[in-house]
Structures are given as structure tokens and as C-alpha cells.
Amino acid sequence: MKIRYCWRCRMDVPMLDSEEGEIASKLLSEGFQEAKKLRKPPRFSKLLSYYKDVTGFEETNPNAIMHHFIDMYGPDCENCGKPYRTETATFCPKCGNKRKL
């Protein structure tokens, strides 16, 4: 887990590493399976609880958790420190820095 800037949330949030992300993905899938069995809307309580246990951050939206993975973003911008939106991005939308690959 590492605190990084999330472009969708527009704030610093706890991001999951690859191992934690795999567990979160499995819990999301379990939530869908459980809802299908019970014929009720999914609640994802296991996923939300897991995220809170790992990060200490109480997220209420399971979709937000699924884009809080460190591996989804690129390295930090050399100028402002915010992560590039992707690994191959060459432009920082926050400060306009042009990255040299």
C-alpha cells in the first residue's frame, strides 16, 4: 500500500500493490457471485472491509477501490510529483511537464 494521487478522485488516496490488488479483485468477484446467488444487488462488504483493514481508509464505493492500484499508473512526474496517468504517458496534465522516455 502506498499513498498516491488518484486522477479520478482528485486527491491522494491509499493505492494497493499488486498482491493486495489481486485479493481485492477476488473479493469483488465474490461479491458479484454472492449477489447472483441471493438475487439481491451486490453489497461488496468483504471488499470494503478488506480495503479499510489494509489502508485504514473507509471507502464506500467498490468501483473506486478497483482503480486504486499502484500498477495502473505511471511513475511520478519529475516536476510536480503527481503520477503520470499511465506507464507510457509523456505529458503530465497537472503541471504540463513533458516526460522524456
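See above for the structure.
Here goes a summary of the coordinates provided. (Residues numbered from 1 in each chain as written. Predicted model: local features only at pLDDT ≥ 70, side-chain atom pairs only at ≥ 80, totals over all residues. Heavy atoms only, no water.)

Okay, the nonpolar core next. In this structure, Leu16, Ala24, Leu27, Leu28, Phe44, Leu47, Leu48, Tyr50, Tyr51, Ile65, Met66 and Phe69 together form the largest nonpolar core, which totals twelve residues. Elements with a minimum of two residues in this core: α1 (18–38) and α2 (45–55). Residues in contact with Ile65, not counting those within four places in the same chain, are Leu16, Leu47, Leu48, Tyr51 and Glu59. The next biggest cluster of nonpolar side chains, apart from the first, holds seven residues, and it includes Tyr5, Trp7, Met15 and Ile70. (Core = buried A, V, L, I, M, F, W, Y, C linked by side-chain atoms within 4.5 Å. Buried < 20%, exposed > 50% of the residue type's maximum accessible area, 1.4 Å probe, protein only. Helix = DSSP H or I, 4+ residues; strand = E, 2+ residues; numbered from the N terminus. Contact = heavy atoms within 4.5 Å.)

The residue Lys46 is located in helix α2 in this model. Separated by 16 residues in sequence, Lys46 and Glu30 have C-alpha atoms that sit 8.6 Å apart. Not counting the four nearest positions on each side in its chain, Lys46 is found in contact with Leu27, Glu30 and Glu34.

Another aspect to go through is the side chain of Glu59. Residue position: Glu59 is located in the loop between α2 and α3 (62–65). Within the buried core, Glu59 has no salt-bridge partner, and the shortest N-O distance to an opposite charge, that of Arg8, equals 11 Å. Here Asn61 takes part through its backbone nitrogen, which lies 3.2 Å from a polar atom of the side chain of Glu59. Not counting the four nearest positions on each side in its chain, Glu59 is found in contact with Leu48, Tyr51, Ala64, Ile65 and His68. (Lys, Arg positive; Asp, Glu negative; His and termini not counted. Salt bridge = Lys/Arg side-chain N within 4 Å of Asp/Glu carboxyl O. Polar contact = N/O pair within 3.5 Å; in protein donor to acceptor, adjacent residues only side chain to side chain.)

A few words on the packing of aromatic side chains. The tally for this structure, following the rule as stated, stands at three aromatic pairs. Ring plane angle 80 degrees and centroid distance 5.0 Å describe the contact between Phe32 and Phe44, whose orientation is recorded as edge-to-face. Here Phe44 lies in the loop between α1 and α2 and Phe32 lies in helix α1, a separation of twelve residues in the sequence. Residue class for Phe32 comes out partly exposed when judged on its relative accessible area of 46%. Centre to centre, the rings of Tyr51 and Phe57 are 6.4 Å apart; their planes meet at 90 degrees, and the pair counts as edge-to-face. For Tyr51, a relative accessible area of 0% translates into the label buried. Sitting above the plane of the Trp7 ring, Arg85 keeps its charged end 4.9 Å from the centroid. The ring of Tyr84 carries Arg99 above its face, with NZ or CZ at 5.0 Å from the centroid. (Phe/Tyr/Trp six-rings, centres within 6.5 Å; stacked < 30°, edge-to-face > 60°. Lys NZ or Arg CZ within 6 Å of the ring centre and 35° of its normal.)

This brings us to the pattern of salt bridges. Going through the model one piece at a time under the given rule, you end up with three salt bridges. Across the pair Lys46 and Glu30 runs a salt bridge whose closest N-O atoms are separated by 3.9 Å. With Lys46 in helix α2 and Glu30 in helix α1, this residue pair connects regions lying 16 residues apart in the sequence. In this structure Lys46 comes out as partly exposed when scored by relative accessible area, which is 48%. Its salt-bridge partner being Lys52, residue Glu58 comes within 3.4 Å of it at the nearest N-O pair. Here Glu58 falls in the exposed class, since its relative accessible area comes to 57%. Take Lys52: its relative accessible area is 39%, and that puts it in the partly exposed class.

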